[in-house]
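# Close look at the chain arrangement
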Amino acid sequence: MKKSILILSALSVISASHAQDRTIVKDSVESDIPTMSVKLKSNKSDIINSNGILTFAVDDIESVDFGYIYFDKEVYNKVKITSDIYTKEYSEADVTAAIDTLEHYGYLGQSLTGQFCLRGGNDWHRYPSAHGYQRQFSMGPDLYAQYFTVPHKDFMYGSLTSTYDISNEFHNDPFLAYTQAKNAFMPLLHKPNVNMIPEIKAITLLYYCLGAQENVDLIGANTYNDDKQFADNCTKYDNMRTIYYGIVEDLDNIVACLKHYEANRPDWYKEKIADLMMEYFSTGRELLTGDLSNLSSFIKFANSLKLRMAMHIVKVEPETAKRWAEEAVASGVVESADEQQGLYPIIWGFLHPLRDVFNWGDLRLSASFESLIMSLDHPYSKYLIKPNSYDIVNPNTGEVLPKGTRICGIRSGLLVGEGQVAALNPLQAYSEIDGGLFADRLMAPMYFLKWAEVDFLRAEGAIRGWNMGGEAKDFYERAIRNAYFEDPLFVKYGAYADLVEDYLNLEEPVDYVSVDPLGAGKPWPSVTKIGVKWNEGDNLETKLEKIITQKYLALFPLSTEAWTELRRTGYPKLFPVLNTDDGDGSIKQGEMIRRIVWLPTGDTKQDAIINKRAIPALGGPNKQATRLWWDVDAPNF
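Residues numbered from 1 in each chain as written. Predicted model: local features only at pLDDT ≥ 70, side-chain atom pairs only at ≥ 80, totals over all residues. Heavy atoms only, no water.

### Regarding empty space enclosed by the protein
- Tallied over the full model, the rule gives seven cavities of 30 Å³ or more.
- When its volume is computed, the largest cavity comes out at roughly 170 Å³.
- Lining the largest cavity are 17 residues, and of these Pro-445, Tyr-447, Leu-555, Pro-557 and Leu-558 lie nearest its centre.
- Those elements that place two or more of their residues in the lining of the largest cavity are helix H5 (130-138), strand S15 (446-449) and helix H22 (540-555). (1 Å grid on protein atoms, 1.4 Å probe; cavity = no way out; pocket = protein on both sides within 12 Å on 5 of 7 lines; lining within 4 Å. Points joined across faces, edges and corners; volume = space filled by probe spheres on them. Helix = DSSP H or I, 4+ residues; strand = E, 2+ residues; numbered from the N terminus.)

### A look at the packing of helix H8 (residues 198-219) against helix H23 (residues 559-569)
- Remark: H8 packs on H23, axes separated minimally by 10 Å, with the N-to-C direction vectors making an angle of 45 degrees. Relative to H23, the element H8 lies oblique. As for the relative orientation of H8 and H23, their crossing is left-handed in sense. Only Thr-560, Glu-561, Trp-563, Thr-564 and Arg-567 of H23 make contact with H8, whose side of the interface consists of Gln-213, Glu-214, Asp-217 and Leu-218.
- Among the residues forming the contact of H8 with H23, the class breakdown is two nonpolar, three polar and four charged. (Axes fitted to C-alpha atoms, helices over the stretch in contact; angles between N-to-C directions. Parallel < 35°, antiparallel > 145°, perpendicular 65-115°, else oblique. Left-handed = near helix turned anticlockwise from the far one by under 90°. Contact = heavy atoms within 4.5 Å. Nonpolar A, V, L, I, M, F, W, Y, C, P; charged D, E, K, R; others polar.)

### Considerations on the pattern of salt bridges
- Applying the stated criterion across every chain yields a total of 35 salt bridges.
- Between Glu-335 and Arg-458 there is a salt bridge; the shortest N-O distance is 3.2 Å. With Glu-335 in the loop between helix H14 (318-331) and strand S11 (341-343) and Arg-458 in helix H19 (residues 451-463), this pair connects stretches of sequence that are 123 residues apart.
- On the basis of relative accessible area, Glu-335 is assigned to the partly exposed category, the value being 38%. (Salt bridge = Lys/Arg side-chain N within 4 Å of Asp/Glu carboxyl O. Buried < 20%, exposed > 50% of the residue type's maximum accessible area, 1.4 Å probe, protein only.)

### Observations concerning the side chain of Thr-560
- Here Thr-560 lies in helix H23.
- A relative accessible area of 8% means that Thr-560 is categorised as buried.
- Setting aside residues no more than four positions away along its own chain, Thr-560 makes contact with Phe-137, Pro-141, Glu-214 and Leu-218.

### Thoughts on the packing of aromatic side chains
- Applying the stated criterion across every chain yields a total of 40 aromatic pairs.
- Ring geometry for Tyr-144 and Trp-563: centres 5.0 Å apart, planes at 50 degrees, overall tilted. Of the two residues, Tyr-144 is situated in helix H6 (residues 141-144) and Trp-563 in helix H23; the sequence distance between them amounts to 419 residues. For the pair Tyr-144 and Trp-563, one class covers both residues: buried.
- Ring-pair connections join several aromatic residues into one group, and the members of that group are Tyr-147, Phe-148, Phe-358, Phe-369, Tyr-380, Tyr-383, Tyr-484, Phe-485, Tyr-496, Tyr-552 and Phe-556.
- Seen from the ring of Tyr-245, Arg-241 lies directly overhead, with NZ or CZ sitting 4.3 Å from the centre.
- Sitting above the plane of the Tyr-269 ring, Arg-265 keeps its charged end 4.5 Å from the centroid. (Phe/Tyr/Trp six-rings, centres within 6.5 Å; stacked < 30°, edge-to-face > 60°. Lys NZ or Arg CZ within 6 Å of the ring centre and 35° of its normal.)

### A word on the packing of H8 against helix H10 (residues 240-264)
- At a closest axis distance of 9 Å, the pairing of H8 and H10 adopts a crossing angle of 155 degrees. With respect to their mutual orientation, H8 and H10 come out roughly antiparallel. Handedness of the H8/H10 crossing: left-handed. Residue-level contacts link Pro-198, Glu-199, Ala-202, Ile-203, Leu-205, Leu-206, Cys-209, Ala-212, Gln-213, Val-216 and Asp-217 of H8 to Met-240, Ile-243, Tyr-244, Ile-247, Asp-250, Leu-251, Ile-254, Cys-257, Leu-258 and Tyr-261 of H10.
- Its residues assigned to classes, the contact of H8 with H10 comprises 17 nonpolar, one polar and three charged.

### Some details on the nonpolar core
- Among the nonpolar cores identified, the biggest contains 174 residues, and Ile-197, Ile-254 and Leu-384 are the most heavily contacted of them.
- Ranked by residue count, the leading element in this core is H8, at 13 residues.
- Ignoring sequence-local partners within four residues, the contact set of Ile-197 consists of Val-95, Ile-99, Leu-102, Tyr-269, Ile-273 and Leu-276.
- Grouped together as the second largest cluster of nonpolar side chains are nine residues, Ile-392, Cys-408, Leu-427 and Leu-518 included. (Core = buried A, V, L, I, M, F, W, Y, C linked by side-chain atoms within 4.5 Å.)

### Re the confidence of the model for the protein chain
- Overall, the prediction assigns the protein chain a mean pLDDT of 88, with 87% of residues at 70 or greater.
- With pLDDT under 50 throughout, residues 1-35 is counted as low confidence; its partners more than four residues away or in other chains account for 73 contacts. (pLDDT = per-residue confidence, 0-100.)

### Topic: H22
- Relative to the 22 Å expected for 16 residues at 1.5 Å per residue, H22 spans 22 Å between its end C-alpha atoms, a close match to the ideal helical length.
- Taking burial as the measure, the 16 residues of H22 include 13 buried ones, the bulk of the element.
- The N-cap residue of H22 is Asn-539: its side-chain oxygen and the backbone nitrogen of Glu-541 are 3.2 Å apart. (Expected span 1.5 Å × (residues − 1). Polar contact = N/O pair within 3.5 Å; in protein donor to acceptor, adjacent residues only side chain to side chain.)

### Details of the environment of Glu-286
- Relative to the helices and strands, Glu-286 is located in helix H12 (residues 286-289).
- Looking at Glu-286, the relative accessible area reads 9%, which means it is buried.
- In this view, Glu-286 contacts Asp-291, Leu-292, Asn-294, Ser-297 and Phe-298; residues no more than four positions away in its chain are not counted.
- Polar side-chain contacts of Glu-286 include one of 2.3 Å to the side chain of Ser-297.

### Overview of unusual backbone geometry
- Of the consecutive residues Phe-556 and Pro-557, the connecting peptide bond is found in the cis state with omega at 5 degrees.
- For Pro-557, the position within the fold is in the loop between H22 and H23.
- In this chain, Tyr-571 is followed by Pro-572 through a cis amide linkage whose omega measures 0 degrees.
- On the secondary structure map, Pro-572 appears in the loop between H23 and helix H24 (604-618).
- One non-glycine residue, Asn-579, adopts positive backbone phi at about 50 degrees.
- Examined against the element boundaries, Asn-579 turns out to sit in the loop between H23 and H24.
- Under the relative-accessibility criterion, Asn-579 is labelled partly exposed at 27%.

Right, here's the structure in full:
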């Protein structure tokens, strides 16, 4: 039996109770209790008097594990950040003991794993892996946003015949990624002694908020409140509105906690937090700037996430959207490259997983993305996207498109065959991202939230008449200047900075027609009818189309948010997806997928929960065509 010890005064007088895994304390106790687990030398025996007091000499101790327990039941069972938590002061010794326990038992390390899980990491391969990223993004959201297409159907773990096809083998993997992240964050959030370092709790909760927002935007309802309670079997599904309001409440409390830290915490405490940030929470760029005791980037991350969510709901709750957006901007949002949040290869030493996914022949550029960047003469068309990698022969005419001739994408929804090499499948010769630019010359980050996105959000808010702290034109142009794919430290090695000023002045789109080199379908004239240059004389709809089109390009390749904006606004204009009936049959030709569906699990109990609780929370049928709460079929203005 493990012996858990409650310190009363000194090491020579200790009250003990025996338990398997925890100290047993009367339910009436509600206080901060320092604890330690003592292992005695093997040749010593316990001496317990009639009062239950265990006494022995210090020399009898072989080892000691320190801990800390906070016995307020209401706080213990919730992950909220409240003022009574973040304003409470502790001694340096108490804080040190709490940190030692959280480190010793791996709770802080689990939080780091959760951060990686948000972008393709997992429990057994902490850093984002190509397979993990592929299953989370590339087999679903990447396709739905029409950034990429899958050029073949044969995978070792399933099959995907076209863009909207549903594969039982990997369709639910975006949900699995959220679950892995949640399971990594919640143990730390539920440890009572993390309340002694509330800023660490706040930042971990912030990561969970991001994961919950991204997840519910894919599906429309989830077990959000059960998940926050770290329930073993989550059965209560919350509707999207409940989840959005819950996340925003948390974001406000997180910001309040971190601002209190900035103004009130002593230097010794900030040094300890800086050490923890260095070790476990480096999703910002503080490791490069050297200011690890300053948590302002996390304040701005939380406010910017609130701004993102505010814009999502603008058509369903416009007054709430305006209030959230103005509150976020007033409190402080991302306004520099060093304040962006995400996973940075330049810090962690891994490369963006897309490089390997392309190398495997599992992704190629979509024809919609090809048409968009060519119509706008976008900088990416000149240095980021490769032309065809092999000769492509039209089987109908015998015409040859020689290797390296032009950028060519695959029409989204095209029914594909087998083959991961061009010799067997000519679709493999279509365009991809230049893999060399992922590494030494670009080091592309995996953003959680990007500065350019924030400026585009502020530009949209400004044209809606909201107080965004500036003018739409200024936010729009600054966003485009900082919309590059590469790491900010490497932008000078790419071509973006040299090309962006000319790009900003493009008044009309370039006439462009996409022609499939294999002769699949007729040539497709571009559907992009707007330029890039800001024009105050444009109507609101044209201004919005410009903002969202450029935002879509700036988000690349963060498909989850790009797909959300595509559903919310209808922009950018893209080619209709072919073979929509290859999905669940609910999407009409010419319409787009609106959500990822729940698939039967084979578990009778779990499937019953989906039918009885998840679908009612969704508010519509469990179909790909069902719109989410914020996805209102109404004009943008």
